[in-house]
Amino acid sequence: PWNCVLFTNEEARKQWYQRRVRGSQTTSDTSTQMTKTGCWVSDRQDKVIIPGKYVTADEKFGYMLRQVIVLQSYFRRWKAQKYVNSIRQDHIRRIEWEKKEEERKRKEKERRLKEEYQRRMQPLSKEDFDLVYHALELWRREEIENINATKSGPERKAALAGLMDEETQLIASIQRHKLIAKKDNGKKAKRQFLEKCAAPKEWIGFDGMPTKMDTPYTMRAKDLKMTYDSLEKRYLTREERLDILLQLKLTVKEHDCKLTKDIVELIDREADLLMRGSKEANLEGLRQRISTLFLQYIKTPLFNAEAANLLKVPEDPSSLRKDIYFCRGCGNYLPSTDFELTTNARSIGRCRKCKNLDSEGRLREDFSRYRSLLQSIRGTEEAFNDNSRIIFLLTEADLRYLAENIWGAQSVLSQWEDTYDLTLVRWNRRLEWSPWNCVLLTNEEARAHSKLVKPEEAYGPVFTQKIKYRHILGKQYFASMPKLADYMSKNLTSVNMPLPSNAEKIMYGGKKKENVVLPALTETK
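Residues numbered from 1 in each chain as written. Predicted model: local features only at pLDDT ≥ 70, side-chain atom pairs only at ≥ 80, totals over all residues. Heavy atoms only, no water.

What's the story with the overall build of the protein chain in this structure? I'm lost.
Along the protein chain, the regular secondary structure elements total 16 helices and 6 strands. Within the protein chain, buried positions represent 26% of all 525 residues. Contacts spanning at least 24 positions in sequence make up 57% of the contacts within the protein chain whose residues lie at least 6 apart. Accessible surface, the protein chain: about 39,200 Å² in total, of which carbon and sulfur atoms supply 54%. (Helix = DSSP H or I, 4+ residues; strand = E, 2+ residues; numbered from the N terminus. Buried < 20%, exposed > 50% of the residue type's maximum accessible area, 1.4 Å probe, protein only. Contact = heavy atoms within 4.5 Å. Areas by Shrake-Rupley, 256 points an atom, 1.4 Å probe, with all protein chains shown as cover.)

Here it is, written out as structure tokens:
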């Protein structure tokens, strides 16, 4: 307000100047000089212009159109060459990929056959012996078919009797291998038990680094493990063996009970025999008794507190009276953990040992293929991370029924029959995996199927109706699965037990838990 002046409208218009810009064209005079009388102009640089053919607008447009067509033809030729080259490169890459896939499948098949051959020649686990018995059953059936087709009458009976004798010899050989494997597995189980007892406590700290800590209990277990390892050594001198026995005697004398007294008595007996110069072969039985009793000493929670966390038998005998059922096969009363139930079981039936014995004697089934398939499906379902439950309740026998009886043990698209190349994927990927929401495809077809949002529109009504019919069959056979899954979830929630993690779900389904390799420690806390 202190920096302004009051003007009228007329005075204000006089104060401001409006700039205007206007162009103008000045006149230009030109002249032309020509040769005439009195003036000569050179014509050396003159040009003679002859008018050409008159071109109309239509003719000019037609000429331009023809030139444009020529340009377009060359451009389209370049585009076509580029497209053909890209198709050629795709075709070359496709051929290379097919060759690599064939090579990968061939190597995978060779590896699988080699692994199966190794398992048959050197069986160690129950699954390996199931594979051996299954191969024996296939051989027996093939021999019977050959005998029935080529012989008759007394010759056929004699051939069948000879086949039975040969089968008996093979079974006896398998049982001998089984005893050897049982002995080796027992040694491995003892070793794992001692290592787990002596292992330090491990956890992940607040800084994300693994932390290890030795407690008095683990240190005690480590001392017992070292003593047991020394006791199991062979080819020692007499003085070294006497030192080990003296150390063992001092260890067990810390507690006074019948077990320790028996160990001390056996130690004194071996020491006396060693001083008398007895042979090593004569002491094998005595040393085995000492090792067995000392292992029993290590497994006693009163002497080794860490053993209480690893023993399957509870400390309270009264808990063994709960959940006891009668086995119709062997006639024994066994805990519920010794019985294996299928999803549609109506009664308890027989225990695992009776079923294994019946499988070795009559059925001789091999579930290794469906075991690997079940693990593959569980791993795929873990990737969805949507609390899929039903797949973790199925067994190998359930999956075998689903694949063979409902889906015909072949891909619904290509009719591929190799079980190792097949998998059961979700029909609708937005829903939980279940026997009524799956489809049997090869691995390549499954990867393509998993990208479909609406499979009904992609496959068509005829194929979809075929899939729906098999889903109905699966839902009828596995009708109790949803209720069973809900019941188990409610029980886990009622006892405040957290649901299993992703790795635990796979472990509960039959896969052995792998040892977690922790990174090297820079500092032990």
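Following the structure, the description resumes.
Sorry if this is basic, but what is going on with the pairing of strand 5 (residues 422-426) here?
Consecutive side chains along a regular strand alternate between the two faces of the sheet. When you tally the buried positions in strand 5, you get 5 out of 5 residues, the bulk of the element. Relative to strand 6 (residues 438-442), strand 5 runs antiparallel, the two being bridged by 5 bridges. Paired with L424 across the strands is L440, a residue of strand 6. (Pairing = 2+ DSSP bridges.)

Please explain the pattern of salt bridges as it appears in this structure.
A side chain with one charge may pair with a side chain of the opposite charge, provided their charged atoms come close. According to the stated counting rule, one finds 39 salt bridges in the structure shown. Between E167 and R140 there is a salt bridge, with its nearest N and O atoms 4.0 Å apart. One end of the pair, E167, is in helix 4 (residues 154-198); the other, R140, is in helix 3 (residues 126-150), and 27 residues separate them in sequence. One salt bridge connects D358 with R362, and the closest N-O pair in it is separated by 2.7 Å. Within this pair, D358 and its partner R362 are both found in helix 9 (residues 352-363), separated by 4 residues, close to a single helical turn. Among the residues examined, D358 registers a relative accessible area of 14% and is labelled buried. Judged by relative accessible area, which is 53%, R362 ranks as exposed. (Salt bridge = Lys/Arg side-chain N within 4 Å of Asp/Glu carboxyl O.)

Help me understand the environment of K355, please; the structure alone is not making it clear to me.
Counting through the fold element by element, K355 comes out in helix 9. Using a relative accessible area of 30% as the deciding quantity, one classes K355 as partly exposed. Look past the residues within four positions of K355 in its chain and what remains in contact with it is E340 and R350.

Explain the packing of helix 6 (residues 238-252) against helix 7 (residues 258-275) to me, please; I cannot follow it from the model alone.
Two packed helices can be described by the angle between their axes and the distance between those axes. Between helix 6 and helix 7, the least distance of the axes is 10 Å, while the angle of their chain directions is 165°. Taken together, the axes of helix 6 and helix 7 are roughly antiparallel relative to one another. The hand of the helix 6/helix 7 crossing is left-handed. Residues R238, R241, L242, L245, L248, K249 and V252 of helix 6 form the contact with helix 7, whose participating residues are T260, I263, V264, I267, D268, E270, A271, L274 and M275. Tallied by class, residues from the contact of helix 6 with helix 7 come to 10 nonpolar, 1 polar and 5 charged. (Axes fitted to C-alpha atoms, helices over the stretch in contact; angles between N-to-C directions. Parallel < 35°, antiparallel > 145°, perpendicular 65-115°, else oblique. Left-handed = near helix turned anticlockwise from the far one by under 90°. Nonpolar A, V, L, I, M, F, W, Y, C, P; charged D, E, K, R; others polar.)

Any chance you could explain unusual backbone geometry here in plain terms?
Glycine aside, residues mostly have negative phi angles, and peptide bonds mostly take the trans form. You will see that A409, though not glycine, has its phi angle at about 55°, which is positive. Following the sequence through the fold, A409 ends up in the loop between helix 11 (396-406) and strand 5. Even without a glycine there, the phi angle at Q415 is positive, about 60°. Turning to its location among the elements, Q415 is positioned in the loop between helix 11 and strand 5. For Q415, a relative accessible area of 40% gives the class partly exposed.

I keep staring at the packing of helix 6 against helix 8 (residues 284-298) and nothing clicks. Help me out?
Orientation of helix 6 relative to helix 8, taken along the N-to-C sense of each, is 30°, at an axis distance of 12 Å. In this structure, helix 6 crosses over helix 8, and the sense of that crossing is left-handed. For the pair helix 6 and helix 8, the contacting residues are R241, L248, T251 and V252 in the first and R287, I290, F294 and Y297 in the second.

Looking at this structure, I do not really get empty space enclosed by the protein. What am I missing?
According to the stated counting rule, one finds 1 cavity of 30 Å³ or more in the structure shown. Considering only enclosed or pocket space, the largest cavity measures out at about 40 Å³ in volume. Lining the largest cavity are K233, R234, Y235, L236, R241, E280 and R287. For the lining of the largest cavity, a count of residues per class yields 2 nonpolar, no polar and 5 charged. (1 Å grid on protein atoms, 1.4 Å probe; cavity = no way out; pocket = protein on both sides within 12 Å on 5 of 7 lines; lining within 4 Å. Points joined across faces, edges and corners; volume = space filled by probe spheres on them.)

Just geometry here; none of it tells us what the structure is for.
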